[in-house]
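Okay, here's what each chain looks like letter by letter:
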Amino acid sequence: MTDPISELKGIGQARAKAFARLGLLSSYDLLRYYPAGYQDRTAASPISALVSGTAVCVTAMAAADPRETRLRQGMTLTKTHAVDETGRLELTFFNAPYVKTALVKGETYVFFGKPERKGARCEMVNPVFEPAGSAGRVTGLLLPVYRLTSGLPQYAVRAAVRQAVDALAGAEPDLLPPEIRQARALCHIGFALRQIHAPDDARSLDMARRRLAFEELFRLSLGLSWMKRGRAAKPGRALGRLPRDEFEAALPYELTGAQRRVIAELEDDMNSGRLMSRLIQGDVGSGKTIVAAAAVLMAARGGFQAALMAPTELLAAQHHATLEPFMRRWGVSCGLLTGKLSPKAKDALRFALAGGGLRFVVGTHALLSEGVSFENLGLIITDEQHRFGVAQRSALAEKGEHSPHTLFMSATPIPRTLAMLLYGELDVSLIDELPPGRVPVKTYAVGEDMRARIDGFIKKTAEQGGQVYVVCPMIERVDDEGNSVSEGLKEAVAVRERIAGLFPGHEVGLAHGRMKAKERADVIGRFRAGEIPVLVATTVIEVGVDVPNAGLMVVENADRFGLAQLHQLRGRVGRGRRESFCVLMAAPGAGELARKRLEMLTKSSDGFAIAEADLALRGPGEFFGTRQHGLPALRMAELPAASESPAALLYEARDAALGLLDADPELKGHAALRASIEDMLRGMRS
Ligand code: ADP
Ligand code: MG
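Calculation criteria
Residues numbered from 1 in each chain as written. Chains lettered and ligands numbered in written order. Predicted model: local features only at pLDDT ≥ 70, side-chain atom pairs only at ≥ 80, totals over all residues. Heavy atoms only, no water. Phe/Tyr/Trp six-rings, centres within 6.5 Å; stacked < 30°, edge-to-face > 60°. Helix = DSSP H or I, 4+ residues; strand = E, 2+ residues; numbered from the N terminus. Buried < 20%, exposed > 50% of the residue type's maximum accessible area, 1.4 Å probe, protein only. Pairing = 2+ DSSP bridges. Axes fitted to C-alpha atoms, helices over the stretch in contact; angles between N-to-C directions. Contact = heavy atoms within 4.5 Å. Near = heavy atom within 4 Å. Nonpolar A, V, L, I, M, F, W, Y, C, P; charged D, E, K, R; others polar. Expected span 1.5 Å × (residues − 1). Arc of directions from axis to C-beta. Patch = residues over 30% accessible without salt bridge, like charges linked within 9 Å, V, L, I, M, F, W, Y side chains within 5 Å. Areas by Shrake-Rupley, 256 points an atom, 1.4 Å probe, with all protein chains shown as cover. Salt bridge = Lys/Arg side-chain N within 4 Å of Asp/Glu carboxyl O.

## Thoughts on the packing of aromatic side chains
Turning to step 1, where the next piece is worked out: With the rule as written, the count across this model stands at ten aromatic pairs.
Turning to step 2, where the next piece is worked out: For the pair Tyr469 and Phe527, a centre-to-centre distance of 5.0 Å together with 55° between the ring planes defines the contact as tilted. One end of the pair, Tyr469, is in strand β19 (residues 467–471); the other, Phe527, is in helix α17 (residues 517–528), with 58 residues separating them in the sequence. For the residue pair Tyr469 and Phe527, the accessibility class agrees, reading buried in each case.

What follows is the structure, given as structure tokens:
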């Protein structure tokens, strides 16, 4: 089961390294490396009915011996033709010397390829083929298409997976209890694994997908609920109460109802005698910071220290700048710890934290580093939670000999159903109301035909002293031969050049993830300071960059983003007083559906409604994935059975998981399942 991949036939050290880049180390990993999609090669046609450009299978007899011609530069051309009762098909192959011996005159083959008709002549160039008697490997099937990495061609992955499936699928134990499988008509794991990699037909594939998607959602639900139950037993120290009236009187505005409600939830939770582990979800601008400040005050009132962790230096500094004066008024000292501090300043800060002289610290993940200790840490707050993994979530919680209460804040709107699953181990509070008087960002979904007007808009905004973001999606693609194509970066560079051309004499900034962190921070810093009117960026600006003067955002190829992500991006503008705009440019080839999706954003500014729509349109895969949430990637949930909505399957899986935990809280009767879940949770922590 843990046989290294290099023991498979046809895999040498170099190939094994390429597989490793995809996280595929053993045959077992291959078994679970589900296809990203399928190429449908099931359609068949007689020669007379072939349509130009539509790839199909043709069963025909080779009617001549292939003739090979040498072309320039070592290229070869092999020509022959095949016939059926309805007509003649010309066959042309480039650089395929094997055809000479593989196609035998008088034998019947199944060819798959794209026909081209010119008058009475019908031709296929470079079709794949196999003898009619033993067809089914490359023709007449749903052919799996795997995600690749550079140096790893499609055929190599197919061949390796086929070996793994032959060796392992039959012996794979089924983790789903039989009663759960029966109640939901889910197929056996062995069948599912064989069919997902080599489907007999669309119906079997559907059954396999459903089964595997269910299993993923079930395992994750079960694991997170398991974790939550373990935690519920942990005692937590009571922090203090919030001097409610004084607190509110000190604010320059009225709290919203949602902010009040969530502050009360925190207060109850942190004084209940059990350890708090809570997530605050609130749209961009919903006012999470002041809620966090209230929690810090509660801790301070109870005599405890508090820490606030942000994902970037910039955000940490921003929080410190906002909170320090506020805290001073309550006599709570507030420090800033980032990687930038001089060793001497760092030491002083560490000393003050360890001795208790400093009561509240804001910082980046530098807070997690060795050598930071607290006198009496009562509360840890993590902002923009989705940027941190589950691993970091728990690393923080382990600081200090008493576990501190933990609070996470996230602006990524997630549909309720998914939040329950993603944050299964957390309690969730929602700030589902924006402060009054917010002007929603005016949003337009347009196509390439509006390019000139948008350029004019950028120019006008900048000339009037406003600032503009231009966002390009970062897309990594690997082609069939295993070459990596990083389109996004090229695009961002080109877009910057083009826009710079509109503004001779002005600087147009560029920020992307491949730059050195320092260079990038420098560009973003100068944009914030107003020194650069236009910033072209990949999604590095998504989180928390606060530039009140930014009044326009143009998103290139907007259809490549999820709606929820676009909504978050859009939150970067409209932070100041002036009316602000977001223009979503659909890619030139984007279809009607893509435009429709974007329309949704022009009509709504409710992050949760948008996230629900995104879930319905794109499935839950978008919301999962290690990068976003530190959870194991859900590979199958992205490919739900055609017959079922992903959200429905999610509910079913969660119900089944909770039902099982109620019936067998220790999973005593399900040892293999329990082991697999503990394994998953370990993976999430390390
Ligand atoms: P986020 O939830 O995105 O972190 P912030 O906490 O940064 O939002 O708040 C965004 C802005 O709204 C800040 O300038 C903050 O001072 C302001 N704000 C927060 N709560 C209210 C409120 N109840 N009424 C008016 N303005 C508020
Ligand atoms: Mg915030």
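## A short note on the sheet that holds strand β22 (residues 508–511)
Turning to step 1, where the next piece is worked out: In spatial order, the strands read β18-β25-β24-β19-β23-β22; together these six strands make up an open sheet with parallel pairing. Every interior strand has two partners, whereas the edge strands, β18 (442–446) and β22, have only one. Across this sheet, the average inter-strand angle for adjacent strands is 15°, counted without regard to direction.
Turning to step 2, where the next piece is worked out: One ladder, built from four bridges, connects strand β24 (residues 550–555) with strand β25 (residues 581–585); its direction is parallel. Within β25, the residue paired with Val554 across the bridge is Val583.
Turning to step 3, where the next piece is worked out: Its contacts with the sheet place helix α18 (residues 563–570) against β18, β19, β24 and β25, and it is angled at close to 155° to β24.

## Focus on the site of ligand 1
Turning to step 1, where the next piece is worked out: Near ligand 1, the surroundings consist of 15 residues, among which Glu254, Gly285, Lys288, Thr289 and Arg438 are the closest.
Turning to step 2, where the next piece is worked out: When its residues are assigned to classes, the shell around ligand 1 shows four nonpolar, six polar and five charged.

## Brief notes about the sheet that holds strand β12 (residues 305–309)
Turning to step 1, where the next piece is worked out: Spatial ordering of the open sheet is given by β13-β14-β12-β15-β16-β11-β17, a layout of seven strands whose pairing is parallel. Pairing within the sheet leaves two strands with one partner each, and these edge strands are β13 (334–337) and β17 (427–431). Between one strand axis and the next, the sheet turns by 20° as a mean value, whatever way the strands run.
Turning to step 2, where the next piece is worked out: Pairing geometry for β12 and strand β14 (residues 360–363), over four bridges, is parallel. Note that in β14 the partner of Ala307 across the bridge is Val361.

## Let's talk about helix α15 (residues 451–463)
Turning to step 1, where the next piece is worked out: Taking 1.5 Å per residue as the helical rise, α15 with its 13 residues ought to reach 18 Å, and the 18 Å between its terminal C-alpha atoms agrees with that figure.
Turning to step 2, where the next piece is worked out: For α15, every residue scored as buried is listed here: Arg451, Ile454, Asp455, Ile458, Thr461 and Ala462. The buried residues of α15 occupy an angular sector of 130° when the element is viewed end-on, so they sit on one face. Facing away from the buried surface of α15 by more than 90 degrees, the exposed residues are Ala452, Arg453 and Glu463.
Turning to step 3, where the next piece is worked out: Where α15 terminates, the next one or two residues include Gly465, which has phi positive at roughly 90°.

## Notes on unusual backbone geometry
Turning to step 1, where the next piece is worked out: Not every positive phi belongs to a glycine, and Gln73 is a case in point at roughly 50°.
Turning to step 2, where the next piece is worked out: You can see Gln73 is positioned in the loop between β3 (67–70) and β4 (76–84).
Turning to step 3, where the next piece is worked out: Given the relative accessible area of 78%, Gln73 is considered exposed.
Turning to step 4, where the next piece is worked out: Unusually for a residue other than glycine, Asn557 sits at a positive phi of about 45°.
Turning to step 5, where the next piece is worked out: Looking at the secondary structure, you find Asn557 in the loop between β24 and α18.

## Some points on the environment of Thr461
Turning to step 1, where the next piece is worked out: Among the structural elements, Thr461 can be located in helix α15.
Turning to step 2, where the next piece is worked out: Thr461 sits in the buried class, given a relative accessible area of 11%.
Turning to step 3, where the next piece is worked out: Along the primary structure Thr461 and Gly551 are separated by 90 residues, whereas in three dimensions their C-alpha atoms are 7.5 Å apart.
Turning to step 4, where the next piece is worked out: Excluding its chain neighbours within four sequence positions, the residues that come into contact with Thr461 are Gly466, Gln467, Val468 and Leu552.

## Here's the deal with a nonpolar patch on the surface
Turning to step 1, where the next piece is worked out: A contiguous nonpolar surface patch, about 230 Å² in accessible area, is contributed by Met75, Phe94 and Val125.
Turning to step 2, where the next piece is worked out: Within the secondary structure layout, Phe94 lies in strand β5 (residues 87–94).

## Considerations on the pattern of salt bridges
Turning to step 1, where the next piece is worked out: Here the structure, examined in full by the defined rule, presents 33 salt bridges.
Turning to step 2, where the next piece is worked out: For Arg274, the salt bridge goes to Asp427, with nearest N and O atoms at 3.1 Å. With Arg274 in the loop between α9 (257–270) and β11 (277–282) and Asp427 in strand β17, this residue pair connects regions lying 153 residues apart in the sequence.
Turning to step 3, where the next piece is worked out: With relative accessibility at 26%, the residue Arg274 sits in the partly exposed group.
Turning to step 4, where the next piece is worked out: By relative accessible area, Asp427 is classed as buried at 17%.
Turning to step 5, where the next piece is worked out: The salt bridge involving Asp455 is made with Arg498; its shortest N-O contact spans 2.9 Å. Of this pair, Asp455 sits in helix α15 while Arg498 sits in helix α16 (residues 487–502), and the two are 43 residues apart along the sequence.

These figures come from the coordinates and say nothing about function on their own.
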